[in-house]
Amino acid sequence: MELHYYLYILSINLCFLLLLPESLYSQQVYLNGTVYDCTDTPSTPKGYLCNGLKKSCTSFIVFRSKHPYDNPASIAYLLDSEASIIASINKLSNNARIPSNRPIIVPVFCSCHGNIYSHDAPYTVKNNDTYFELVKTTYQGLTTCQALMGQNYYPPNGLPIGAELTVPLLCACPTENQTSTGVTSLLVDLINYGDTLKSIGESYGVDEESMLEANKPQSKNSSSFTLLALTPILVPLRGKSCKEDPNSFYCNCSKEFLADGSLKGTYCDESDGQKFPAKLVVCIGVGIGVGFLCFFFLGYKLYQYIQKKRERIHKEKLFKQNGGYLLQEKVSSSHGNGSQKVIIRLFTAEELQRATDNYNWSRFLGQGGYGKVYKGMLPDGTIVAVKRSKEIERNQIETFVNEVVILSQINHRNIVKLLGCCLETEAPLLVYEFIPNGTLAQHIHSKHHESSSPLSWDSRLRIACEVAGAVAYMHSSASIPIFHRDIKPTNILLDSNYSAKVSDFGTSRSLPQDKTHLTTQIGGTFGYIDPEYFQSSQFSDKSDVYSFGVVLVEVITGKKPISFIEEDEGQNLIAEFISVMKENKVCDILDPKVLKEAKKDEIVAISNLAMRCLRLNGRKRPTMKEVSAELESLRKVQSSMLVDNHDHHHDESTNNDEKLLHKHNNSVVQEYAEESILLSLQLQMESSSF
């Protein structure tokens, strides 16, 4: 009974194949002005449909020479073709300078990408480039704006200079109907002012009716077929016409000679592929028996079953390798111990491949300590950042799972949001919300960068408040106290409003409720590590406070904690900061932007707060909650101060501030010096005991 059922299904499928709608074999639609449509209109055509007998073929496009693309080499570079073939087809030398606006025939390899034919050419963005200008000027309407925007994920009017784009050039392969009439290849030409279907066809030895068949008009009456200048049109090229003109660029002809050496004639290959489909139909209808069809069908089903089983086993292996079971254990324990539930979305590998265009280099955002980050777009339009690890080893599994669990428990406006992860790949993947404006480090160290200017003082103070609030939340308000362990400007991202987002929790640890510190292997970034933690390997909330103090100093000075550039070789920012604080000369190392915009009392307050955060004795440092409250108070005072009042009392407040700074500096620096002496003595005692 089951065999009869399969035979019935097969007969239905054969009938369906024989009765496929004619539209699948019909000509292409004339694209008209839609090639220049750069609006967000999904219904606008992206190119010619893949409706040919072949998924790939050799096609031709006509490019009109112009500077700097006015020789075979430069045209080949732009259109990703071969310079020698271009020169041969157009009867040019390889280094010939081509007159402006001369049509040049360029062969391209055309293939299906999805349901659209295209020939992909690479392009490096130059100054003032936009998608529209590339379509109109650079590529002369030989691509479409919709295809260009769909293939690349940069904003339409914000293409970064030097970015690598993929340009899908228009092309097509002959349909079954065209092949049966002798069409061997298709050419894409650009319509000039005054051109008609007849005049364009005559240029290539093609009649008007064939032109109509290749370009689907709104009606079959050619008189109502309106041609728009500077838009692409398809020209069908027939092999049969090669006998009349064997030197045509698309012909494959050879000379035949008699035995006495005299010329017999010219032979041209007119193969149009018609025989292959006919033989295939005959073989399917007559030669292939019902028994073979059943055997093939059952074998295919068995193959599918085996492949699915292998894929499932491989995914389970990767899931275990990437810490999936450890993650499930932590999720289950969070549900059972009454703490905040861990809710994690698991993405498939295929979803993230599609989102990142198979991790295309044009989607690359940057590289951190734990892997590369790519920009992606989910099916619902959500823009995400996909973090792809360099490799996964047994000692890194716990770090990865730890970051997933910690981030899934955190819900704070100034902490980057984890959307989910993927465990089906060789290396685990994390999916975050996309933060568009880079890192704090890029902005405070961008003095010599042409495309951006240093952050204003108000923005720096606000960002410091937001970061302090986020870390204070991790220490005090989260369901389980969390230590970040790597607070630094490169781990502070800025969103579209330049609000801070604390990120990179790969080294973070949650604190058991019965402990005040963690004893761990030394981790973090040189220059931001708490000296007390470095000595004892005991990390506490005050270690994060020290790192934040370094960030504060970096924010107001615009300098890196450790500098390796030639003029600052050996410079230690914190040592320099303490030195100038002791001499009441902190203004000597301030960022010019801060020195210009900040008030003296604000500089005093921030400098003293940074000094307290940098105390060697962790117990004497303030908590992050206290730091956050102090920064918030400073912001409130800043926003409530009147300009005229500040100007009226400027001289008096400056004198008072200098006295206050001197008073605070003396006490804080003195404590710092005493702590340094005690720490040195302790280290000497420990070294002498060995």
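Per chain, the residues get numbers from 1 upward, laid out in the order the sequence is written. Totals for whole chains, interfaces and linings use every residue, but because this is a predicted model, local features are given only for residues with pLDDT of at least 70 and side-chain atom pairs only at 80 or more, for both listing and counting. Note that water and hydrogens are dropped before the side-chain values are worked out from all heavy atoms of the structure.

The name recorded for the protein in an unreviewed UniProt entry is Wall-associated receptor kinase-like 2, from Arachis duranensis. UniProt positions are given in the numbering used here, feature names are shortened, and annotations may be inferred rather than shown by experiment. Recorded in UniProt for the protein, the comment headed Subcellular location (unreviewed entry) runs: "Membrane".

Colleague: Explain the overall build of the protein to me, please; I cannot follow it from the model alone.
Modeller: Looking only at helices and strands, the protein has 23 helices and 24 strands in total. Taken across its 690 residues, the protein has 44% of its residues classed as buried. Any two residues whose heavy atoms approach within 4.5 Å at even a single point are treated as in contact. Within the protein, residue pairs in contact and separated by at least 24 positions form 68% of the contacts whose partners lie at least 6 positions apart. As displayed, the protein offers around 37,200 Å² of accessible surface, 54% of which is attributable to carbon and sulfur atoms. What counts as a helix is a DSSP run of H or I of at least four residues, what counts as a strand is a run of E of at least two, and both are numbered from the N terminus. Each residue gets one of three labels from its accessible area relative to the maximum for its type: buried under 20%, exposed over 50%, partly exposed in between, using a 1.4 Å probe on protein chains only. In short, Shrake-Rupley with a 1.4 Å probe defines the accessible areas, and a residue's cover is counted only from the protein chains shown.

Colleague: Is there a simple way to think about the sheet that holds strand S2 (residues 56-64) in this case?
Modeller: In any sheet, the strands associate via hydrogen bonds between backbone groups, in a parallel or an antiparallel arrangement. Here a strand pair is declared whenever DSSP counts at least two bridges between the two strands. Taken together, the 6 strands give an open sheet; going across it, the order is S5-S4-S3-S2-S6-S8, and neighbouring strands pair in mixed fashion. Unpaired on one side and paired on the other, strand S5 (164-169) and strand S8 (232-238) mark the two borders of the sheet. When the angles between neighbouring strand axes are averaged without regard to direction, this sheet yields 40°. Two elements, strand S3 (residues 103-113) and strand S4 (residues 116-124), share 3 bridges in a ladder whose sense is antiparallel. Looking at S4, one finds that His113 is bridged to Ile116. Sitting on the sheet, helix H2 (residues 72-79) is in contact with S2, S3, S4 and S5, with an inclination near 115° to S4. For every element, the axis is a line fit to its C-alpha atoms; helices are fit only across the contacting stretch, and the angle between N-to-C directions ranges from 0 to 180 degrees.

Colleague: I keep staring at the side chain of Ser59 and nothing clicks. Help me out?
Modeller: Structurally, the position occupied by Ser59 is in strand S2. Distance and chemistry together define a polar contact, namely a pair of N or O atoms within 3.5 Å, with one atom able to donate a hydrogen and the other to accept it when in protein, and with adjacent residues in sequence counting only for side-chain atoms on both sides. A polar contact of 2.8 Å, which involves the side chain of Ser59, links it to the backbone oxygen of Leu186. Ignoring anything within four residues of it in the chain, the contact list for Ser59 reads Val106, Pro107, Val108, Cys110, Cys171, Ala172 and Leu186.

Colleague: I tried to follow the pattern of salt bridges on my own but got confused; where do I start?
Modeller: Should the charged atoms of two oppositely charged side chains come close, the side chains can pair. Salt bridges are defined as contacts in which a side-chain nitrogen from Lys or Arg sits within 4 Å of a carboxyl oxygen from Asp or Glu. Within this structure, the stated rule accounts for 13 salt bridges. Salt bridges linked by common partners bring Glu311, Lys315 and Glu424 together as one network.

Colleague: I keep staring at the UniProt feature "binding site: ATP" (unreviewed entry) in the protein and nothing clicks. Help me out?
Modeller: Cross-referencing UniProt, the feature "binding site: ATP" (unreviewed entry) maps to Lys387 in the present numbering. With respect to the helices and strands, Lys387 occurs in strand S14 (residues 383-388).

Colleague: I'm lost on a nonpolar patch on the surface in this one. Help?
Modeller: Candidate patch residues must exceed 30% relative accessible area and have no salt bridge, after which like charges are joined if within 9 Å and Val, Leu, Ile, Met, Phe, Trp or Tyr side chains if within 5 Å. Taken together, the side chains of Ile288, Phe292, Phe295, Phe296, Tyr300 and Tyr303 define a hydrophobic patch exposed on the protein surface, amounting to about 690 Å² of accessible area. Looking at the secondary structure, you find Tyr300 in helix H10 (residues 290-321).

Colleague: Explain the packing of helix H15 (residues 457-477) against helix H17 (residues 541-557) here, please?
Modeller: Running from amino to carboxyl end, H15 crosses H17 at an angle of 175°, the nearest separation of the two axes being 11 Å. Of the possible angle classes, the one that applies to H15 and H17 is roughly antiparallel. On H17, the residues touching Trp457, Arg460, Ala464, Val467, Ala468, Val471 and His475 of H15 are Asp541, Asp544, Phe548, Leu552, Val555 and Ile556. The residue classification treats Ala, Val, Leu, Ile, Met, Phe, Trp, Tyr, Cys and Pro as nonpolar and Asp, Glu, Lys and Arg as charged. All others, Gly included, are polar. Classifying every residue of the contact of H15 with H17 by side-chain character gives 9 nonpolar, 1 polar and 3 charged. Roughly parallel refers to an angle under 35 degrees, roughly antiparallel to one over 145, roughly perpendicular to one between 65 and 115, and oblique to any angle outside these ranges.

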